[in-house]
Amino acid sequence: SFEPLTPAELAASFAGDAALGENFLRTAVMVAIADGLYSQPEDEMLQTFCTALGQQPTVLESLRQTLNYPLHTTADGAIASSLTGPHPEHGSPVLHPVKDWLDGLEIHDPRVARFLCKMIPPQCPFERDVTLFGKKIVHIPPMCKLNPLYEQLVGLRFRALSYLADDCGEDVTPYI
């Protein structure tokens, strides 16, 4: 069993490299939201990381607003997230700052690129209909439709693959 990383250990490991610390925080946010849900314990951990790394928590504040926005069914029966629609108070998508922030993640380390290629699936996971006695009971949408940040994750995976292939000269077929 592994001991949790303390904030002091995290800060010491980046030794004042703000850009590297911000990229670590972006990766931690991406891992927290990869399942399409953002929980209170994830928020607390990310806030601790943000403070330890001396980063501004503005994106986390935007992401924190999503804690109480559940999935809902649209008029056509599809499952949607209110995270991508207008925020009731601001009239703009809640996750727009998080999307921009994740799009800014630069890949300069082959270990990080390999991790991202392994963690982010190469294609959108299943979509199926559940039938009972020959009648469709429920439609399960593709998982990418449930995660409002799926496009950012796919873009990040593409940048990681490109970095490994173009800059590192690695064969990326194991990740495809």
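Right, let's walk through the structure included here. Just so we're clear, the structure is a prediction, and the values are computed from it rather than from any experiment. (Residues numbered from 1 in each chain as written. Predicted model: local features only at pLDDT ≥ 70, side-chain atom pairs only at ≥ 80, totals over all residues. Heavy atoms only, no water.)

1. Brief notes about the overall build of the chain
Reasoning step 1: Counting its secondary structure elements, the chain contains 8 helices and 4 strands.
Reasoning step 2: Along the chain, helices and strands appear, N-terminal first, in the series α-α-α-α-β-β-α-α-β-β-α-α.
Reasoning step 3: Relative to its 176 residues, the chain shows a buried fraction of 33%.
Reasoning step 4: Within the chain, contacts between residues at least 6 apart in sequence are counted, and of these 58% link residues at least 24 apart. (Helix = DSSP H or I, 4+ residues; strand = E, 2+ residues; numbered from the N terminus. Buried < 20%, exposed > 50% of the residue type's maximum accessible area, 1.4 Å probe, protein only. Contact = heavy atoms within 4.5 Å.)

2. Focus: helix 3 (residues 40-52)
Reasoning step 1: Taking 1.5 Å per residue, 13 residues should reach 18 Å; helix 3 reaches 18 Å between its end C-alpha atoms and fits that length.
Reasoning step 2: Among all positions in helix 3, only D43, L46, F49 and C50 are buried. For helix 3, the buried positions fall inside an angular range of 125° around the axis, keeping them on one side. For helix 3, exposure combined with an orientation more than 90 degrees from the buried face picks out P41 and T51.
Reasoning step 3: Of the surrounding secondary structure, the elements contacted by the buried residues of helix 3 are helix 1 (7-14), helix 2 (18-33) and helix 4 (58-64).
Reasoning step 4: Positive backbone phi, at 70°, marks G54, one or two positions downstream of helix 3. (Expected span 1.5 Å × (residues − 1). Arc of directions from axis to C-beta.)

3. Observations regarding the nonpolar core
Reasoning step 1: Membership of the largest hydrophobic core comes to 35 residues, with the highest contact counts inside it found for V29, L46, V98 and L116.
Reasoning step 2: Looking at this core, the elements that each hand over two or more residues are helix 1, helix 2, helix 3, helix 4, helix 5 (96-103), helix 6 (110-119) and helix 8 (150-167).
Reasoning step 3: Excluding its chain neighbours within four sequence positions, the residues that come into contact with V98 are V29, V59, S62, L63 and L149. (Core = buried A, V, L, I, M, F, W, Y, C linked by side-chain atoms within 4.5 Å.)

4. Points about a nonpolar patch on the surface
Reasoning step 1: Together, V130, L132, F133, I137 and V138 line one region of the surface with nonpolar side chains, adding up to about 520 Å² of accessible area.
Reasoning step 2: Contributions of two or more residues to the nonpolar patch are made by strand 3 (128-132) and strand 4 (135-140).
Reasoning step 3: Following the sequence through the fold, I137 ends up in strand 4. (Patch = residues over 30% accessible without salt bridge, like charges linked within 9 Å, V, L, I, M, F, W, Y side chains within 5 Å. Areas by Shrake-Rupley, 256 points an atom, 1.4 Å probe, with all protein chains shown as cover. Salt bridge = Lys/Arg side-chain N within 4 Å of Asp/Glu carboxyl O.)

5. Notes on the side chain of T27
Reasoning step 1: Within the secondary structure layout, T27 lies in helix 2.
Reasoning step 2: A distance of 3.0 Å separates the side chain of T27 from the backbone oxygen of N23, its partner in a polar contact.
Reasoning step 3: Apart from the residues lying within four places of it in its own chain, the contact partners of T27 are L105, F115 and L116. (Polar contact = N/O pair within 3.5 Å; in protein donor to acceptor, adjacent residues only side chain to side chain.)

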